[in-house]
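Below, each chain spelled out in residue letters.
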Amino acid sequence: MADDAAKLVADIGGRLHQQSRPTKDFLIKSLRWTGGLEILLKYFFQYERHVEKVQAASALLELEQKASLEPAIKPLSTSFVKHGLLHNKDKDVKLLVAICCSEIIRVMAPEPPFDDKELRVTSFHKEKNIPNQEIFELFVSMFAEISNTTSPYFSRRVKILETFAKYNFCMLMLDVDCDALVLEMFNTFFSVSREHHQQSVVKAILSIMTVILKEKVSQPLMDVILQNLLKEGKGATASPSRIAVSVIQNCAEELEPFVCGFLTSCILDRDAVVNDLKEFYHEIIFEIFQCAPQMLLAVIPNLTQELLTDQVDVRIKAVNLIGKLFSLPEHHVVQEYRHLFVEFLKRFSDKSTEVRVSALQCAKPCYMANSSGTEALEILNAVEGRLLDFDDRVRVQAVIVVCDLVKSNLKLLQPELISRATERLRDKKISVRKKALQKLLEVYRDYCSKCAESYIAITDHFEQIPCKILMLCYDKDCKEFRPQNMELVLAEDLFPATLSVAERTRHWISFFSLFTPLHVKALNSILSQKRRLQTEMQIYLALRKKEKMDFWEYSCENVAEEVQKRIQASFVKMSASFPDSSKAEECFHKLNQMKDNSIFKALAQLLDEVTLTSAETTRDKFLKAIGERHPHFEFLQFLSKKCLFNIFSSDHVRYILEHISSNRVGDKHLEVSAVDLLLVIISIFPSLLKGSEKLFQMLLFKEDIPCQEKLIQVLAKAGPHIAIKLSDIYPSLERICLEGNRAQSKFAVSAIAALVGTSEQFVFSELCKALVDSLHRGQNIPTVLQSLGCMAQHSLSAFEARDKEITSYINETYFQVEPLDFLASFDETSECSSSCKLKSLNSLENLGSGSKSKMVLIYALKALVKSFLPHRGAHVKRQIHDLLNMISEMLQKGSCENDKAHIRLAAAKSVLRLAGRWDLDVSPHIFRSTILVAKDSSPLIRRLFLDKTHKLLKEHAIPSRYACAFVLAGPDCPKDLQEDSLKYMAEFIKEYHKEAQVRQASVMQGGTITDYPAYMVVFLIHVLAHDTNFPTCHDEEIFAQFCSPLFLTLQVLVNASFVDGGMDLDNDAISCVFGIFRAIKRAEDAVDAQKTLNLHILADIGISILKLLNTSGISMSNTPDKILLPSSLYRISSAKKSEEVNSTGLPGSTFDENFLKRLIPVFKSNLSLPRTALPKRGRKCQDSSHLDAIKSKTLNLASSREVASSINGTIMDKGLSLHGNTHKAVMQEISIGGRRNRPVSPTVHRSVRLHDECCIDSGHKIDEGRNSEPSLGKGQLSSSCGSATVRPLTGSQISTKKMVLPHTDSLKANGSAKESSSITTKPSKSSRSKRKDPCSSVEIVKDGEVLIGQRIKLWSPIDKCFYSVTVDGFNSQNNTHKVAYDNGAVEALCLASEKWETISDGSLSKTVKLAHKSNGFHTQKQ
């Protein structure tokens, strides 16, 4: 058989050799059989005529390797050379030639095993006429086609490759110096390699490359290998990279010198390396280290040099590389290269920000690969240090790394690390805070999921995350952190979407236990905002329904217009709950125009769904029904979220009650937290308790429940919204009112008031009787007094029915000992500390007998004070003067002992509480005594009094004149108290100045100089003038020390940087204060004329200080030309001070100029503001658009009409409103007519008649017929005996109506004042012979118009504060009043069912108005 094959090959070779120019057909016929391709090629070569089958070629496949076959093969091989078949362009011929050549080489090669020498001396190498390189080029061209696996020739090409590899044909290539061809073959192998190649192909390629590299390694070959090593990371297929890895692993020893040399050169001197791969040497190191780390033992240590280089980009690449090396699992690089690791850790504190960021990016994989051992701790410490990096980009990356590490293992990681990461929520950079919020929310959601799976227990370190997130509400720099957005964070982002309500409630209880008052305030702000939107949405839906269904009722245009205004006001309020309020308001208007009532019905249904699951289901159906193509889909989607009870629902409330009931929380601290959380929820959403009444009622009086008074408070909040009968629980509540502690009794009375129905009002009478009986028996006096006071606030009629019995008992028992001798007797047995006595409000067991009596005295005082401050504006029929006399005596007695100091504090606080409603009845003497508590010898008393004053001023619950206390406490108190008092003063000035500007710019509201915080100087000077320590000598040091409160006040007022107020605050303050000083120079003391000189001295000093502090050169010539002074403190001077005017227009100075010149430097040297107490100026100056209005002669008042009194001709503005000052009632009553903005002819004058029933209580009688004042010039006012005429207005004309104004005399020393007679707001209308308190709810029912034009304080149960409103109208049909808020919102309310108080209690004071330009002084009694 073999002989036949050899003969056939020889025959074919001979015939082919004889052909001069063989045709393609002939070649194919011959070669395909020669190569044994008959079966394969017959499917691809079709010819028209039959060819002669030659069997000689196919015989090559049957030939075995024998050197004796050379004569038979030689004709065929010489024919290839003769006819140039190695260069034939036809692919079919080339393939057959390549097959024949590979078979010839195979046959001629020695039998395996054979060595290289034997191979090199065989085959074509012996034939000098055969070009060996051309044969290998033919083979390489065949290899280039291997990538096409679908080709019909693929198997024959693979056969050639396998033969080439099996018989080491590549050795012949090296023997004939085909280095370039070898390089090309390497490139070909890498380029044609595919993922889907069969294993034999990859094996053959690797075999060929390995053989070559084992024999000879060159730089070009190494470059090709390294280039393909990196291809996987550049988007190419992974096959070339895997082949390169295999080659490196197989030939590591041979490649190592070349690779190490190249990499070391790149590390040490990259610029000197001439190789394109030098730009990727870090990637090469990493790839080689993964497959053959032993090759780089000499390279890796050199990376330390790169970490220390000055080139930032090199350090960054080195850090990234080393980080990846340290992250390789099971390589233990950190341990093997310790020195490199130490240097790597130092890069976390590199001077370059980019390097530090890169190091942090490597931290997590490094830690994960080395999670045990000291290296892990070192990595964490390095990361933790970057949380406080000075660059915000580094801090952001540090937060990301920490959170990712925590998420990777919630159990093993240090819990303190996440606590420090949460601190970045307070970072000074917004970008850091945003990223920290995002990552911490991810961590907390993972933590909640793991807790639900019982993988990890609840821990405080993780529960601190929502606490810190809530504090972002105080971030005013970023709109994303406003409550509008934080609401969605709590509702949607805080917990995993799949977490059950029970689990959410468990976490709420846990982190609520960590809340501080600031956290609670932030949560309340979010919940209150949500509640406001829900309430306003319900109001809007009701208005819309009424407007659509009962349109015929609105035939009157003004009624329909009123409804539209109310809808507009609702839109404004609801829009405030959206991130973009203007866009939201626009969407509300578009929504209102829609006629699809199904949308509004769905919204109403959402508001009624109090369970989370049903609410979400309803919302999903609603959104699905309208569809995403709806033009308002996005807005409705967001609005529906806002309407949902998605933060807290009735489910949350039920689970909280179950936690408390079953005591599953175990920890008493958490149990208290559950009760506190319940109180917060119910305070905002009282309806959520509905459905859980039985469980709640069971817990209400359970003995082992902590904080029972808070559960009673919950009952008081939710009473009107739940189905609990008062009769079922009244006995228990009554028992608490009699036997519980003071806190419990307070809430028990509130709960009774919340549950009592209209037919159960007798309950209060029964309760009052029981309390009075207990009071007489002397049982649990503190609680009984508390209950009586609270009951008086809720049911004034029940209290007043037994008023004489109660007050007489209290007076006889506690107040009628002259002169409070029992206080002195108590001191002998009193041994309790001051703090103990002050805090012991619920128990007197641990106090001595003297301290017990003092505390009971304070409790009795509180009860009486509360009885004069009823809720819902109920009318108090009793006189307050007796109570004020008691308070006045308590303020004066005892000036050194601690217990007496507590009594003074209680009396001063009582005055503050009463001032919100009864300030007109507070005499100057009581006011001074109250303010001077700020100078008490006890720092604790000072602190408590100032804190209370600050709180009430911030709530606008008391007049602004009480802010004098802040500066009186400043100069000689401890540093911390001095700083706090100055901070309180700065906050007061800033807030009240802004509000005064708003009122000044509002035509509806009106504004005066008395609205500005600078007006407090009027009262401060009077307090200082009556100080018993007023200096009597001209000693600069003594005067400087005494006048330090005045200097401090002016310094804070004039220097706006202290209060972040802007230049307009400077201008306003200087113009106002300068005008005040000039007015005081023309007035005299109305309380004690002998103190007039003190007033003028202080005014002179104030003017000098003002000039000193006016460093900005603000002109004082444009000050207001009329200053309103309170007539209870000031009156027109009997001397003609107006004639003592110097060339500058100022009155004659009391001091000589030399003394003032010596005094001012003392102020400059001895007095300075504590810088630490001053808020930093962080914003640009505010707009000074209101400055001209302040400087104008009429202060740009809403109604600038002037009137002259019928008695002494005092000039005053009708529109003035003494907001926050002593005599608010005067200004408010006078401004009633000015709210109707109807223009009238300038020539038509109306009049205002002022009836006087009182005389000035100062010992100076006023001659009603006196006309000694200078006459008024043209255009000014002239006074007559009976009325005040109005001069023509300039600018806009505002109509006025005839008014009959009551007034009161200045308060006498005991604080009493007579009641005013009457007030009418419409001309020719009926007036009352005896004026009643306009706050009375009974009076409202009888004559609701009595409040029209009045200013009242309306309680907001959602915001938990009072809002100042103006009563603009009354609807007698439904007994509702129209009230206008200061922001322009209008609302219709039934005041009989609201909690409100009058800003002025009906008693009007007399006022002095001084006009300096005319130098005329006119007194008017109102």
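Parameters at a glance
Residues numbered from 1 in each chain as written. Predicted model: local features only at pLDDT ≥ 70, side-chain atom pairs only at ≥ 80, totals over all residues. Heavy atoms only, no water. Helix = DSSP H or I, 4+ residues; strand = E, 2+ residues; numbered from the N terminus. Buried < 20%, exposed > 50% of the residue type's maximum accessible area, 1.4 Å probe, protein only. Contact = heavy atoms within 4.5 Å. Areas by Shrake-Rupley, 256 points an atom, 1.4 Å probe, with all protein chains shown as cover. Pairing = 2+ DSSP bridges. Axes fitted to C-alpha atoms, helices over the stretch in contact; angles between N-to-C directions. Phe/Tyr/Trp six-rings, centres within 6.5 Å; stacked < 30°, edge-to-face > 60°. Parallel < 35°, antiparallel > 145°, perpendicular 65-115°, else oblique. Left-handed = near helix turned anticlockwise from the far one by under 90°. Nonpolar A, V, L, I, M, F, W, Y, C, P; charged D, E, K, R; others polar. Expected span 1.5 Å × (residues − 1). pLDDT = per-residue confidence, 0-100. Salt bridge = Lys/Arg side-chain N within 4 Å of Asp/Glu carboxyl O. Polar contact = N/O pair within 3.5 Å; in protein donor to acceptor, adjacent residues only side chain to side chain.

**Thoughts on the overall build of the chain**
- Of the regular secondary structure elements, the chain holds 61 helices and 15 strands.
- When burial is assessed residue by residue, the chain has 58% of its 1422 residues classed as buried.
- Restricting the contact set of the chain to residue pairs at least 6 apart, pairs at least 24 apart contribute 73%.
- Of the roughly 59,400 Å² that the chain leaves accessible, carbon and sulfur atoms contribute 50%.

**Examining the sheet that holds strand 11 (residues 1376-1381)**
- Read across the sheet, five strands follow the order 12-11-10-9-13 without closing on themselves; strand pairing throughout is antiparallel. Strands at the two margins of the open sheet, each flanked by one partner only, are strand 12 (1386-1389) and strand 13 (1396-1398). With strand direction ignored, the average angle separating the axes of adjacent strands in the sheet is 40°.
- Summarising the sheet, strand 10 (residues 1361-1371) and strand 11 pair through six bridges and their orientation is antiparallel. Among the inter-strand pairings, Val1367 is bridged to a residue of strand 11, identified as Val1379.

**A closer look at the packing of aromatic side chains**
- Evaluated as defined, the whole model comprises 35 aromatic pairs.
- Where Tyr540 meets Phe600, the ring centres are 6.3 Å apart and the plane angle is 65°; that geometry is what we call edge-to-face. Pair noted here: Tyr540 is in helix 28 (residues 517-549) and Phe600 is in helix 31 (residues 597-608), with a separation of 60 residues, a long-range link. Phe600 carries the same exposure label as Tyr540, and that label is buried.
- A centroid spacing of 6.0 Å and a plane angle of 65° characterise the contact between Phe927 and Phe1019, whose relative ring orientation is edge-to-face.

**Here's the deal with the environment of Asn409**
- Following the sequence through the fold, Asn409 ends up in the loop between helix 22 (392-408) and helix 23 (415-422).
- Given a relative accessible area of 22%, Asn409 falls into the partly exposed group.
- A C-alpha to C-alpha distance of 9.8 Å links Asn409 and Met368, two positions 41 residues apart in sequence.

**A look at the packing of helix 35 (residues 668-684) against helix 37 (residues 708-718)**
- Two numbers describe how helix 35 lies on helix 37: the axes approach to 9 Å, and their chain directions differ by 15°. Taken together, the axes of helix 35 and helix 37 lie roughly parallel to each other. You can see that helix 35 and helix 37 cross each other, and the crossing is left-handed. Of the residues in helix 37, those touching helix 35 at Val675, Asp676, Leu678, Leu679, Ile682 and Ser683 are Lys710, Leu711, Gln713, Val714, Lys717 and Ala718.
- Classifying every residue of the contact of helix 35 with helix 37 by side-chain character gives seven nonpolar, two polar and three charged.

**Describing unusual backbone geometry**
- Within the chain, His332 stands out as a residue other than glycine whose phi angle is a positive 55°.
- For His332, the position within the fold is in the loop between helix 17 (312-326) and helix 18 (333-336).
- The backbone of Ser454 sits at a positive phi, close to 65°, despite the residue not being glycine.
- Mapped onto the elements of the fold, Ser454 is located in the loop between helix 24 (430-452) and helix 25 (460-470).

**Considering helix 38 (residues 726-739)**
- Helix length check: helix 38, at 14 residues, gives a terminal C-alpha distance of 19 Å against a target of 20 Å (1.5 Å per residue), a fit within 8%.
- For helix 38, the set of buried residues is Leu726, Ile729, Tyr730, Leu733, Ile736, Cys737 and Leu738.
- Residues of helix 38 that are buried in the fold lie against helix 36 (693-700), helix 37, helix 39 (742-755), helix 40 (762-777) and helix 41 (781-794).

**Things to note about the confidence of the model for the chain**
- The predicted model of the chain has a mean per-residue pLDDT of 74, with 68% of residues at 70 or higher.
- Scored below 50 in pLDDT, residues 36-60 makes 59 contacts in the model with residues more than four places away or belonging to other chains.
- Here residues 1400-1422 scores under 50 on pLDDT; set against residues more than four positions off or in separate chains, the count is 129 contacts.

**Some points on the environment of Ser265**
- One can find Ser265 in helix 14 (residues 252-269).
- It is 9.0 Å that separates the C-alpha atoms of Ser265 and Lys278, two residues lying 13 residues apart in sequence.

**Examining the pattern of salt bridges**
- Using the criterion set out here, one finds 49 salt bridges in the structure.
- Its salt-bridge partner being Asp803, residue Arg878 comes within 3.4 Å of it at the nearest N-O pair. In this pair, Arg878 is assigned in the loop between helix 46 (849-867) and helix 47 (881-892) and Asp803 in helix 43 (residues 803-815), connecting sequence segments 75 residues apart.
- Judged by its relative accessible area of 14%, Arg878 falls in the buried class.
- The partner of Arg943 in a salt bridge is Asp980, and the shortest N-O contact between them spans 2.4 Å. Taken together, the positions of Arg943 in helix 50 (residues 939-954) and Asp980 in helix 52 (residues 975-1001) put the pair 37 residues apart, joining distant regions of the chain. Accessibility classification places Arg943 together with Asp980 in one group, the buried group.
- One connected set of salt bridges, linked through shared partners, spans Arg315, Glu343, Lys346, Arg347 and Asp350.

**What about the packing of helix 20 (residues 353-369) against helix 21 (residues 374-385)?**
- Taken N-terminus to C-terminus, the directions of helix 20 and helix 21 make an angle of 155°; their axes are 10 Å apart at the nearest point. In terms of orientation, helix 20 lies roughly antiparallel with respect to helix 21. Here the hand of the crossing between helix 20 and helix 21 comes out left-handed. Within the contact between the two elements, helix 20 uses Leu360, Ala363, Cys366 and Tyr367 and helix 21 uses Ala376, Ile379, Leu380 and Val383.
- Taken together, the residues of the contact of helix 20 with helix 21 break down into eight nonpolar, no polar and no charged.

**Here we look at the environment of Leu639**
- As for its position among the elements, Leu639 is in helix 33 (residues 633-643).
- Taking relative accessible area as the criterion, Leu639 reaches 0% and is therefore assigned buried.
- Between the C-alpha atoms of Leu639 and Ala584, which are 55 residues apart in sequence, the distance is 9.4 Å.
- Here Leu639 is in contact with Met537, Phe578, Phe588, Leu591 and Leu603, once residues within four sequence places are set aside.

**Describing the pairing of strand 9 (residues 1351-1356)**
- Of all the six residues making up strand 9, five are buried; the element is thus mostly covered by neighbouring parts of the structure.
- Here six bridges tie strand 9 to strand 10, and the two strands are oriented antiparallel to one another. Counterpart to Lys1353 in the pairing with strand 10 is Ser1364.
- Judged from the three bridges that link them, strand 9 and strand 13 form a sheet pairing that is antiparallel.

**Things to note about the side chain of His652**
- Secondary-structure assignment places His652 in helix 34 (residues 650-662).
- Within the structure, the side chain of His652 is placed 3.0 Å from the backbone nitrogen of Ser649, a separation counted as a polar contact.
- Beyond its immediate chain neighbours, meaning those up to four positions away, His652 contacts Val501, Arg504, Thr505, Leu612 and Ile647.

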